[in-house]
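Coordinate analysis (summary)
In case you want the letters, here they are:
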Amino acid sequence: MASPPDTSKLDRYNSYIRRVNSTKLLNASSKLLFRATLLIALLLILLFTLNYPPVADHASSPHLHTTSNFNFLSSAFVGGGSAWEKQIRHSATPRRPNGFSVLVTGAGGFVGSHCSLALKKRGDGVLGLDNFNTYYDPTLKRSRQAMLLKHQIFIVEGDLNDDKLLRKLFDVVPFTHVLHLAAQAGVRYAMQNPQSYVASNIAGFVSLLEVCKSVNPQPAIVWASSSSVYGLNTQNPFSESHRTDQPASLYAATKKAGEEIAHTYNHIYGLSLTGLRFFTVYGPWGRPDMAYFFFTKDILQGKPVNIYQTVDDKEVARDFTYIDDIVKGCLGALDTAEKSTGSGGKKKAPAQLRVYNLGNTSPVPVGKLVSILESLLSVKAKKHVIKMPRNGDVPYTHANVSLALKDFGYKPTTDLATGLRKFVKWYVNYYGIESRVKKETKNVAEDSD
Ligand SMILES: O=C(O)[C@H]1O[C@H](OP(=O)(O)OP(=O)(O)OC[C@H]2O[C@@H](n3ccc(=O)[nH]c3=O)[C@H](O)[C@@H]2O)[C@H](O)[C@@H](O)[C@H]1O
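Residues numbered from 1 in each chain as written. Predicted model: local features only at pLDDT ≥ 70, side-chain atom pairs only at ≥ 80, totals over all residues.

- The chain is annotated in an unreviewed UniProt entry as UDP-glucuronate 4-epimerase from Kalanchoe fedtschenkoi.
- Turning to the chain, the UniProt annotation filed under Catalytic activity (unreviewed entry) states: "UDP-alpha-D-glucuronate = UDP-alpha-D-galacturonate". (UniProt positions renumbered as here; feature names shortened; annotations may be inferred.)

And the structure:
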């Protein structure tokens, strides 16, 4: 048994050891805490630095990639520092006297990539903006981006609803023009994801106009409206003076809303605004969600294709318009766009406000489109003729383009068979389809491009 003095000695010793240990623990844990705080702070600084230009607001852009914002291009210019700004300036600087400096929204898209290239080729400066959403295969958008980069056209990855980013771009470059083509496209998809149309076509457009109205100088804006605004209009061919207050789809309604919003910003702030009503644009580098594109894929894969008919058994028809004609129309609209008249958010004088049809003036039934594809692909399609579902489609489109002809010489020159031939040639090359298709399209190689 231990004697009392011994016990108290032991107690004191134990208590001493406990104190030492707890101090050590305290020291160790405060060191750990300090290191963790330092690490978190470093990480935050790093993230903040890498994340500029600001990452788009995912909540307002339901289609954005959620995986990574650092793609192979933007990762080269992370930080929003001088290298990034230099790249932007280089891309947007014109190389011809009195050339434009154009911000092209939706530059990774079908019409956006073609227009960017055409502008660059004639000596204008072009900066792209695109959120590379996943509405359709983003690999195709990345290929278009790579193609543009070869021509020194840089696309900033970001969203229209990212006000800070837009303002930053205008800080770096005093754009003379904006070609606004970014949008949530597709008539039927609006029933699946209505909010994406509101986010891109309405909120995104307003966000862009808010920036455009407040910068100095204000740019002139040319933007993509749609033939779908004619909706249930029964007068043919469609003229700009016809009714557009009966949209058949939410897509059409958001484009019509865009036209009204354009009116407001023109009226209050003196922004020069031109809306272009595109009629079912098709061609190389096109959109995989469009009928001509997925029909081609399905026919080659031996899958059935649905050909819509109206309730009264009429064939559904479209004024299919070839991409090169649309590009000419876009450039014509840019060339004739007058300057905006406001500054510092204040209108100084009335400004230009225009709307034009850009179509082909020659509607073709969808059945005929399929026949042309069959002959180009040398494959018989499995055709299912069905009643047009109630999905926002309209039975017929037909453009009257006399206004665009008068104002900027717009004259479509490519018929559907010629345009589809060029599309099929691109399609088989792009997707590496080695088949008799190649033979069929071989002759086109000489006369196209
Ligand atoms: O001009 C526009 O403003 C719009 O053009 C385009 O819409 P649409 O004219 O509807 O093109 P698209 O889908 O290729 O259908 C073509 C035809 O095939 C029919 N169609 C379609 C699918 C099907 O399975 N079967 C079928 O017959 C269908 O009924 C239609 O008659 C753009 O997508 C849109 O974003 C917008 O820009």
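**What to know about the overall build of the chain**
- For the chain, the count of helices and strands is 13 helices and 13 strands.
- By residue count, 45% of the 449 residues in the chain fall in the buried class.
- Taking as baseline every contact in the chain between residues at least 6 positions apart, the subset at least 24 positions apart corresponds to 81%. (Helix = DSSP H or I, 4+ residues; strand = E, 2+ residues; numbered from the N terminus. Buried ≥ 20, exposed ≤ 12 C-beta atoms within 10 Å, placed from the backbone. Contact = placed C-beta atoms within 7 Å.)

**As for the UniProt feature "domain: NAD-dependent epimerase/dehydratase" (unreviewed entry) in the chain**
- Summarizing the sequence annotation, UniProt attributes the feature "domain: NAD-dependent epimerase/dehydratase" (unreviewed entry) to residues 102-339 in the numbering used throughout.
- Secondary structure content for residues 102-339 is 42% helix and 18% strand, and the end C-alpha separation is 13 Å.

**Comments concerning the site of the ligand**
- If you check the shell around the ligand, you find 19 residues, and the closest are Ala 185, Ser 226, Met 290, Ala 291 and Tyr 308.
- In terms of residue class, the shell around the ligand is made up of 11 nonpolar, six polar and two charged. (Near = placed C-beta within 6 Å. Nonpolar A, V, L, I, M, F, W, Y, C, P; charged D, E, K, R; others polar.)

**Digging into the pairing of strand β3 (residues 154-157)**
- Judged by which residues are buried, β3 turns out to be covered on both faces: Phe 154 and Val 156 on one side and Ile 155 and Glu 157 on the other are all buried.
- Bridge analysis of strand β2 (residues 125-130) against β3 gives four bridges, and the strand direction is parallel. By the bridge assignment, Asp 130 is partnered in β3 with Glu 157.
- You can see the chain leave β2, run along helix α4 (residues 138-150) and come back into β3, and the turn it takes is right-handed. (Pairing = 2+ DSSP bridges. Right-handed = clockwise from strand over helix to strand, strands pointing away.)

**A look at the sheet that holds β2**
- The seven strands are arranged β3-β2-β1-β4-β5-β6-β11 in an open sheet whose pairing can be described as parallel. Two strands in the sheet have a free side with no partner beyond their single neighbour: β3 and β11 (353-358). Neighbour-to-neighbour, the strand axes of this sheet turn through a mean angle of 20°, independent of strand direction.
- Summarising the sheet, strand β1 (residues 101-105) and strand β4 (residues 177-180) pair through four bridges and their orientation is parallel. Pairing of Val 104 across the sheet is with Leu 179, part of β4. (Axes fitted to C-alpha atoms, helices over the stretch in contact; angles between N-to-C directions.)

**What to know about helix α3 (residues 110-121)**
- Between the first and last C-alpha of α3 there are 17 Å, a value that for 12 residues agrees with the 16 Å anticipated at 1.5 Å per step.
- Burial analysis of α3 places 10 of its 12 residues in the buried class, which makes it a mostly covered element.
- Along α3, the positions that sit buried rather than exposed are Phe 110, Val 111, Gly 112, Ser 113, His 114, Cys 115, Ser 116, Leu 117, Leu 119 and Lys 120.
- Where α3 ends, the next residue or the one after it, Gly 123, has phi of about 105°, a positive value. (Expected span 1.5 Å × (residues − 1).)

**Regarding unusual backbone geometry**
- Here Asn 216 and Pro 217 are connected by a cis peptide whose omega angle stands at 5°.
- Tracing the backbone shows Pro 217 in the loop between α6 (194-214) and β5 (220-226).
- In this chain, Asn 236 is followed by Pro 237 through a cis amide linkage whose omega measures -15°.
- Positionally, Pro 237 belongs in the loop between β5 and α7 (250-269).
- One non-glycine residue with positive phi stands out, namely Asn 98, at about 55°.
- Along the chain, Asn 98 turns up in the loop between α2 (82-92) and β1.
- Here Trp 285, not a glycine, exhibits a phi torsion of approximately 65°, which is positive.
- Looking at the secondary structure, you find Trp 285 in the loop between β7 (281-282) and α8 (291-300).
- Overall, Trp 285 belongs to the buried group, with 20 C-beta atoms counted inside 10 Å.

**Overview of the packing of α3 against α4**
- Put simply, α3 and α4 touch, their axes get as near as 10 Å, and they point 5° apart. In terms of orientation, α3 lies roughly parallel with respect to α4. Across from Ser 113, Ser 116 and Leu 117 in α3, the residues of α4 making contact are Arg 144, Met 147 and Leu 148.
- Grouping the constituent residues of the contact of α3 with α4 by class yields three nonpolar, two polar and one charged. (Parallel < 35°, antiparallel > 145°, perpendicular 65-115°, else oblique.)

**A few points about the packing of α8 against helix α10 (residues 366-377)**
- Packing of α8 against α10 leaves a shortest axis separation of 10 Å and a crossing angle of 45°. Between α8 and α10, the angle is such that the two are oblique. The element α8 and its partner α10 pack so that their crossing is right-handed. Contact residues: Ala 291, Tyr 292, Phe 295, Thr 296, Ile 299 and Leu 300 in α8; Val 366, Leu 369, Val 370, Leu 373, Glu 374 and Leu 377 in α10.
- Grouping the constituent residues of the contact of α8 with α10 by class yields 10 nonpolar, one polar and one charged. (Left-handed = near helix turned anticlockwise from the far one by under 90°.)

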